[in-house]
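Residues per chain, in single letters:
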Amino acid sequence: MKTDRLIDDTSRPMVHTAFARVFMPPQPPVTPEGVDVLVTARDRLHEPEVIRVAAFCAIWSLMATGCFLPWGGDGWWMALRAVVCLGIWLPIWAVAMQLIVVVPGALCAALESRRVLSNQESLTLATALAVLIFTVAAFLLLASPSLVCQIVGDIWLFALVLEGMLRVVLLIGKLLK
Amino acid sequence: MFNVRFYRLPPALTVLFSAMRSLLRRLNVYGDFWLRCLFFGARVCPWFMEPIIAWSMGTAFFLALKKARFAVAANLAVIRPGQTLWQYVKDTFRVIHNFGWTLTDMAHVRVGHEIIDWEIVGQQHLDPLADSKTGVIILTAHMGNYDVAAPLFARRLKRRIHTVRVPDRHAETQEFMKERRTENTSEWLTVHYNEPGSMLAVELTKLLQAGEFVAIQGDRILFDVSAHPAEFRDGIEWQLPRGPFMLSLVARVPIVPVFIVRLGWRRYRIIAREPFVWTGDPRDKTGAQDAAARWWSACLREIVEQHWYQWFVFERVFERPTNREDDES
């Protein structure tokens, strides 16, 4: 199937999280003091939102994927094992993070080059696939023997469900307007 | 008898080694592989993954680029003296991390995403440029996203800007970036490459005399660019490119300093300062060049000290004149 919709706005709501729409609604751009001219972009994001979500994803995927490593021990042995586990795990986790972008991205780029998806649609699909991968990681957390990991996994799944519900509410609100 | 032919590799192995050499060359830090990854990422990376990728890639490059890391730390030691070793390590990482972000934003803009907010400071110095009867040299530094700011700048001024770039070190990278620069480019912008034997100085002088604007980077000495020493601080000198001062003198045009600073997520500030015009004897070439170099050195120093984490110079630029004299003797 080919599409000619090279520019569309179907993915725009994906750019912002529903949480941010409710708790941090887009503000009119304010020219900072000492600045003569402010030229704003068409697609704008909240910097705190980006940092917040990225930090959450990073910390929690690190925990999710590293929770099966042999942490533990007593005294210095525990500290040594923790350092070794982190030293081994951090680079693997960093590569895994790249793969979360590269693998779905390659699929989307292939679909885009065959004109099955538009530029915006392929970005939407890549985003959705990344969210899916993080959700799988949340289930890994739930399966962990550590209580802390289980709590973090619960938080993610709860947040995801809430995000989905908020998105539906926002969509209905948009349709009713 | 020694048979040389006996030691020749079979053709299949020669082809294999040649392909491997080419692959390794492209994986080099100056190779096109990383830039291709960057542009691919700009197209498909979800926004919430960008800080994670930028941080992890920044760390990888920070660890891999030993020479650049030491050069940045050495420059920071002059710009911000008296810090602890740990502070210098952190600051160096911040410079490299920031550089990664500016490249990411550049890739987004080249792909066609309209995502950057621009702040302009010093509009009073830019307004007269639109009505300028003569050409103007826009002197800038390797900081922020000058590559992306130039089209915006040209569009606002409604004047054609000719930017001068040093070609990339690898032919594949140069070709790839040249293609990207021609896509989504502005009608107001022309990119010139300072290639050996290109007689660029003559061409730029003609353009300036015809009333066009020329944007040049004035803080890096790369390859065989002619340098002009200037004082950074008491007892410390740095080398500035002589070209912009010579061009200004020959074409008799003002020099306007413009800096681009990254403020945060997709936000940049364009800072314009008061122009430099040589009002002395036009025949006094040495005096004019010295005055221009002193003025530019003071301008650049102020900006670099204020926005040190944005100054993407990965070579040692500072030297002590006493040491240099000792070396020469």
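Residues numbered from 1 in each chain as written. Chains lettered and ligands numbered in written order. Predicted model: local features only at pLDDT ≥ 70, side-chain atom pairs only at ≥ 80, totals over all residues.

## What to know about the overall build of chain B
Phase 1 of the analysis: Each helix and strand counted, chain B has 12 helices and 10 strands in total.
Phase 2 of the analysis: Against the compact-globule benchmark of 20 Å for 329 residues, chain B has a radius of gyration of 22 Å, which places it among compact chains.
Phase 3 of the analysis: Principal axes of the C-alpha set define a box for chain B whose edges measure 75 × 55 × 45 Å.
Phase 4 of the analysis: Sorting the 329 residues of chain B into buried and exposed places 35% on the buried side.
Phase 5 of the analysis: Of the contacts made within chain B by residues no fewer than 6 positions apart, 76% connect residues no fewer than 24 positions apart. (Helix = DSSP H or I, 4+ residues; strand = E, 2+ residues; numbered from the N terminus. Rg over C-alpha atoms; globule rule 2.2 N^0.38 Å. Buried ≥ 20, exposed ≤ 12 C-beta atoms within 10 Å, placed from the backbone. Contact = placed C-beta atoms within 7 Å.)

## Here's the deal with the nonpolar core
All names here are of chain B.
Phase 1 of the analysis: Formed by 99 residues in total, the largest nonpolar core has its most connected members in Ile137, Ala149 and Ile270.
Phase 2 of the analysis: Lining this core are residues from two domains, each supplying at least three of them: domain 1 (9-110) and domain 2 (116-328).
Phase 3 of the analysis: Every residue in contact with isoleucine 137, bar those within four places of it in the chain, is listed here: Leu208, Val214, Ile216, Pro244, Leu247, Ser248, Val253 and Ile255. (Core = buried A, V, L, I, M, F, W, Y, C linked by C-beta atoms within 7 Å. Domains from an automatic or database assignment.)

## Considering the sheet that holds strand β9 (residues 267-272) of chain B
Phase 1 of the analysis: Ordered by their spatial adjacency, 8 strands build an open sheet running β1(A)-β1(B)-β9(B)-β8(B)-β2(B)-β5(B)-β3(B)-β4(B), and the pairing between neighbours is mixed. Of all the strands in the sheet, the pair left with one neighbour each is β1 (37-39) of chain A together with β4 (189-193) of chain B. Strand-to-strand twist in this sheet, taken as the mean axis angle between neighbours without regard to direction, amounts to 25°.
Phase 2 of the analysis: Alignment of strand β3 (residues 161-165) of chain B against β4(B), held across 5 bridges, turns out to be parallel. Note that in β4(B) the partner of B:Arg165 across the bridge is B:Tyr193. (Pairing = 2+ DSSP bridges. Axes fitted to C-alpha atoms, helices over the stretch in contact; angles between N-to-C directions.)

## Digging into the pairing of strand β6 (residues 227-233) of chain B
All names here are of chain B.
Phase 1 of the analysis: Relative to strand β7 (residues 236-241), β6 runs antiparallel, the two sharing 6 bridges. Of the residues in β7, the one forming a bridge with glutamate 231 is glutamate 237.
Phase 2 of the analysis: Linking β6 back to β7 in an antiparallel pair, the connection comprises 2 residues, with glycine 235 at a positive phi of about 85°.

## Regarding unusual backbone geometry
Residues and elements named next belong to chain B.
Phase 1 of the analysis: For arginine 252, which is not a glycine, the phi torsion comes out positive at approximately 55°.
Phase 2 of the analysis: With respect to the helices and strands, arginine 252 occurs in the loop between α10 (243-251) and β8 (255-264).
Phase 3 of the analysis: Overall, arginine 252 belongs to the partly exposed group, with 13 C-beta atoms counted inside 10 Å.
Phase 4 of the analysis: Positive phi outside glycine occurs at arginine 266, with the angle close to 55°.
Phase 5 of the analysis: Tracing the chain through its elements places arginine 266 in the loop between β8 and β9.

## Some details on the pairing of β8(B)
All names here are of chain B.
Phase 1 of the analysis: With 8 of 10 residues buried, β8 is to be regarded as a mostly interior element.
Phase 2 of the analysis: Across 3 bridges, strand β2 (residues 136-140) lies against β8 in parallel orientation. Residue pairing for β8: isoleucine 138 is matched across the bridge by valine 256.
Phase 3 of the analysis: Relative to β9, β8 runs antiparallel, the two sharing 6 bridges. Residue phenylalanine 259 lies in a different strand from β9, and its bridge partner there is isoleucine 271.
Phase 4 of the analysis: Between β8 and the antiparallel strand that follows it, β9, lie 2 residues; arginine 266 among them carries a positive phi value of about 55°.

## Considering helix α4 (residues 66-79) of chain B
Residue and element names in this part refer to chain B.
Phase 1 of the analysis: Taking 1.5 Å as the rise per residue, α4 with 14 residues should run 20 Å; its terminal C-alpha atoms sit 20 Å apart, in good agreement.
Phase 2 of the analysis: Listed as buried for α4 are Ala68, Val72, Asn75 and Leu76. In a view along the axis of α4, the buried residues occupy a sector of 100°, so they form one face of it. Exposed residues pointing more than 90 degrees away from the buried face of α4 are listed as Lys66 and Lys67.
Phase 3 of the analysis: Considering only its buried residues, α4 is in contact with α5 (85-111) and β10 (318-319). (Expected span 1.5 Å × (residues − 1). Arc of directions from axis to C-beta.)

## Remarks on the domain arrangement of chain B
Residues and elements named next belong to chain B.
Phase 1 of the analysis: What the domain assignment reports for chain B is domain 1 (9-110) and domain 2 (116-328).
Phase 2 of the analysis: Using only C-alpha atoms to locate each centre, domain 1 and domain 2 end up separated by 24 Å.
Phase 3 of the analysis: In this assembly, 28 residues from domain 1 lie in contact with 31 residues from domain 2.
Phase 4 of the analysis: Mapped onto the side of domain 1 that touches domain 2, the elements with two or more residues apiece are α1 (11-27), α2 (32-44), α4 and α5.
Phase 5 of the analysis: Considering each element in turn, the side of domain 1 that touches domain 2 owes the most residues, 11 residues, to α5.
Phase 6 of the analysis: Partitioned by chemical class, the residues of the side of domain 1 that touches domain 2 number 15 nonpolar, 4 polar and 9 charged. (Nonpolar A, V, L, I, M, F, W, Y, C, P; charged D, E, K, R; others polar.)

## A few points about the packing of helix α4 (residues 75-113) of chain A against helix α5 (residues 119-143) of chain A
Residue and element names in this part refer to chain A.
Phase 1 of the analysis: Where α4 meets α5, the axes come as close as 9 Å, and the angle between the chain directions of the two elements is 150°. The angle between α4 and α5 places the two elements in the roughly antiparallel class. Like other packed secondary-structure pairs, α4 and α5 cross with a definite hand, here right-handed. Contact residues: Ile100, Val101, Pro104, Gly105, Cys108, Ala109, Leu111 and Glu112 in α4; Asn119, Ser122, Leu125, Ala126, Leu129, Ala130 and Ile133 in α5.
Phase 2 of the analysis: Of the residues in the contact of α4 with α5, the class split is 11 nonpolar, 3 polar and 1 charged. (Parallel < 35°, antiparallel > 145°, perpendicular 65-115°, else oblique. Left-handed = near helix turned anticlockwise from the far one by under 90°.)

## Details of the interface of chain A and chain B
Phase 1 of the analysis: Listed as interface residues are 34 residues of chain A and, on the opposing side, 26 residues of chain B.
Phase 2 of the analysis: Of all elements in the fold, only β1, α3 (47-66), α4 and α5 of chain A reach the threshold of two or more residues within the side of chain A that touches chain B.
Phase 3 of the analysis: With 8 residues, α4(A) is the single largest residue contributor to the side of chain A that touches chain B.
Phase 4 of the analysis: Tallied by class, the residues present in the side of chain A that touches chain B amount to 23 nonpolar, 6 polar and 5 charged.
Phase 5 of the analysis: Sheet topology places β1(A) next to strand β1 (residues 117-121) of chain B; 3 bridges connect them, and they run antiparallel. If you follow A:Leu38 over to β1(B), its bridge partner there is B:Glu119.

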